[in-house]
Amino acid sequence: MQAAGAVWKLLRGKGGAEPEPKGLTRNDVLSWLKEEEEWKLDFLWTEADRVRHEQVGDEVHLRGLIELSNYCRRDCLYCGIRGSRRIERYRLSELEVEECVRLGVRLGYGTVVLQAGEDPGLSRERITRHVRFIKAETPLAVTLSLGERSDAELAEWREAGADRYLLRHETADMALLRRIHPDCGGERSDRVEFLRKLKRLGYEAGSGVMVGIPGQSYETLANDVLLFHELDLEMVGVGPYLAHPDTPLGRDAASFSLPAGEQVPATDVMTTKVIALTRLVCQNVNIPSTTALATVNTENGRELGLERGANVWMPNLTPVKYRALYDIYPDKACAGDTAEACQACLLRRLASIGRVPGKGPGGQRK
Ligand code: SAH
């Protein structure tokens, strides 16, 4: 282990005078993102896995994802459920949501995540009823991921017992974000401020980015990792960008992409570099191994994430008949599998890498 420590010291510290979150400067993060030598990357993976084990243990927390609705008032250029796309829309009934929640309890999950497009049809009152139901009837933690909702809504849901909120800042490059995530309803979108507000309200806050969005540079991605640290997040979710052929960004990546060598690729390796660096920089944060990662590498993407820093898995509880309609990107992994089928698969996959399903809500260890 001493030799490994020496190699680690040699590999980092390639300059940079900025403050160092856990010993990694911005330049360190940047050179790791650009690193291609496998023997060096092996060291990054090992170190991330060690810190993961030390900080959050071997449990993999299971968060059941319920995709409440694919209605969306926004028109993000990358997303297949963008409001202007002509597709069949759905919204689960309240009863269907309750059935999904009960299934999550039966399968032993610790959390349910209520996610949707930014759908005004999911009223403040309705989400409050869901949160109250889950907190009164089950031991589950509740995570919301409903887009940029109002201050009054956020406060009421927190009051009702919601524990966590996920809203990815998507990219730290504000000019790029403005192009691919247009403002709507005459309000300026400020996702970083939104995350700060979540923390002030007492939510555990989660952000994240898509890796390899056309127009994303290595410098930007290094800034994203440092921003995760600066925001003092409880959760960080990252996945590769997956081009959707029926979106403006999917159709016309060329007018956004940077020249070869400057553009971050949307690969499994790049995604796991971001996971590993986030683990090193943010230490005890909860990090999922995402479905997007399992989609870009169907064979073992999920395991790679978990072996390179991640400690959370988000199996899908949405009724199978609606899955294809929550079409944010194409060919989503596991989309046709029932929650029961996913359970068998995930337990087998966890066992194969020596990990165990988490017990309880699995909030951030302080
Ligand atoms: N409406 C909510 C939930 C969005 S879906 C919100 O805006 O927060 C959750 C995440 O899916 C998004 O934050 C985005 O990072 C990711 N996503 C959307 N389109 C994608 C694509 N084409 N490829 C990969 N990830 C995508």
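Calculation notes
- Residues numbered from 1 in each chain as written.
- Predicted model: local features only at pLDDT ≥ 70, side-chain atom pairs only at ≥ 80, totals over all residues.
- Heavy atoms only, no water.
- Near = heavy atom within 4 Å.
- Polar contact = N/O pair within 3.5 Å; in protein donor to acceptor, adjacent residues only side chain to side chain.
- Areas by Shrake-Rupley, 256 points an atom, 1.4 Å probe, with all protein chains shown as cover.
- Nonpolar A, V, L, I, M, F, W, Y, C, P; charged D, E, K, R; others polar.
- Helix = DSSP H or I, 4+ residues; strand = E, 2+ residues; numbered from the N terminus.
- Contact = heavy atoms within 4.5 Å.
- pLDDT = per-residue confidence, 0-100.
- Axes fitted to C-alpha atoms, helices over the stretch in contact; angles between N-to-C directions.
- Parallel < 35°, antiparallel > 145°, perpendicular 65-115°, else oblique.
- Left-handed = near helix turned anticlockwise from the far one by under 90°.
- Phe/Tyr/Trp six-rings, centres within 6.5 Å; stacked < 30°, edge-to-face > 60°.
- Buried < 20%, exposed > 50% of the residue type's maximum accessible area, 1.4 Å probe, protein only.
- Lys NZ or Arg CZ within 6 Å of the ring centre and 35° of its normal.

Focus on the site of the ligand
Then, in step 1: Near the ligand lie 18 residues; those nearest to it are Tyr-78, Ala-116, Arg-168, Glu-170 and Leu-242.
Then, in step 2: The contact in question runs from a nitrogen atom of the ligand to an N or O atom on the backbone of Tyr-78, over 3.0 Å.
Then, in step 3: At 2.6 Å, a side-chain N or O of Glu-170 approaches an oxygen atom of the ligand.
Then, in step 4: In isolation the ligand exposes 550 Å². Once the protein is present, 91% of that is buried.
Then, in step 5: Among the residues forming the shell around the ligand, the class breakdown is eleven nonpolar, three polar and four charged.

Regarding the side chain of Glu-96
Then, in step 1: Position of Glu-96 relative to the elements: it lies in helix α4 (residues 94-106).
Then, in step 2: Setting aside residues up to four positions removed in sequence, Glu-96 forms contacts with Lys-321 and Tyr-322.

Let's talk about the confidence of the model for the protein chain
Caution applies to low-pLDDT regions: their predicted coordinates should not be interpreted in detail.
Then, in step 1: For the protein chain, per-residue confidence averages 94 on the pLDDT scale, and residues scoring 70 or more make up 94% of the total.
Then, in step 2: Confidence drops under pLDDT 50 across residues 1-7; counting only partners more than four residues distant or on other chains, this segment forms three contacts.
Then, in step 3: Within the model, pLDDT remains below 50 along residues 13-19, and this stretch shows ten contacts once partners closer than five positions in the same chain are excluded.

A word on unusual backbone geometry
Then, in step 1: A positive phi angle, close to 55 degrees, is found at Asp-232, a residue other than glycine.
Then, in step 2: Relative to the assigned elements, Asp-232 resides in the loop between α9 (218-230) and β6 (235-240).
Then, in step 3: Even without glycine at this site, Gln-283 takes up a positive phi of about 60 degrees.
Then, in step 4: With respect to the helices and strands, Gln-283 occurs in the loop between α11 (268-282) and α12 (291-296).

Some points on the packing of helix α5 (residues 124-137) against helix α6 (residues 151-160)
Then, in step 1: As a packed pair, α5 and α6 sit with axes 9 Å apart at the nearest point and diverge in direction by 20 degrees. As far as their axial angle goes, α6 and α5 are roughly parallel. Where α5 crosses over α6, the handedness of that crossing is right-handed. For the pair formed by α5 and α6, the contact residues are Arg-124, Ile-127, Thr-128, Val-131, Arg-132 and Lys-135 on the first element and Ala-152, Glu-153, Glu-156, Trp-157 and Ala-160 on the second.
Then, in step 2: In terms of residue class, the contact of α5 with α6 is made up of five nonpolar, one polar and five charged.

What about the packing of aromatic side chains?
Then, in step 1: Within this structure, the stated rule accounts for three aromatic pairs.
Then, in step 2: Seen in terms of ring centroids, Tyr-90 and Tyr-322 are 4.9 Å apart; in terms of plane orientation they differ by 20 degrees. Their pairing is stacked. Here Tyr-90, found in the loop between β1 (59-69) and α4, pairs with Tyr-322, found in helix α14 (residues 320-323); they are 232 residues apart in sequence, far enough to count as distant.
Then, in step 3: You can call Tyr-322 buried: its relative accessible area is 14%.
Then, in step 4: Ring geometry for Tyr-165 against Tyr-203: centres 5.9 Å apart, planes inclined by 80 degrees, an arrangement best described as edge-to-face. With Tyr-165 in strand β4 (residues 164-166) and Tyr-203 in the loop between α8 (191-200) and β5 (204-211), this pair connects stretches of sequence that are 38 residues apart.
Then, in step 5: By relative accessible area, Tyr-203 is classed as buried at 3%.
Then, in step 6: Grouping aromatic residues by their ring pairs yields a cluster made of Tyr-165, Phe-194 and Tyr-203.
Then, in step 7: Seen from the ring of Tyr-203, Arg-158 lies directly overhead, with NZ or CZ sitting 5.8 Å from the centre.
Then, in step 8: Directly above the ring of Trp-45 sits Arg-308, whose terminal nitrogen or CZ lies 3.8 Å from the centroid.

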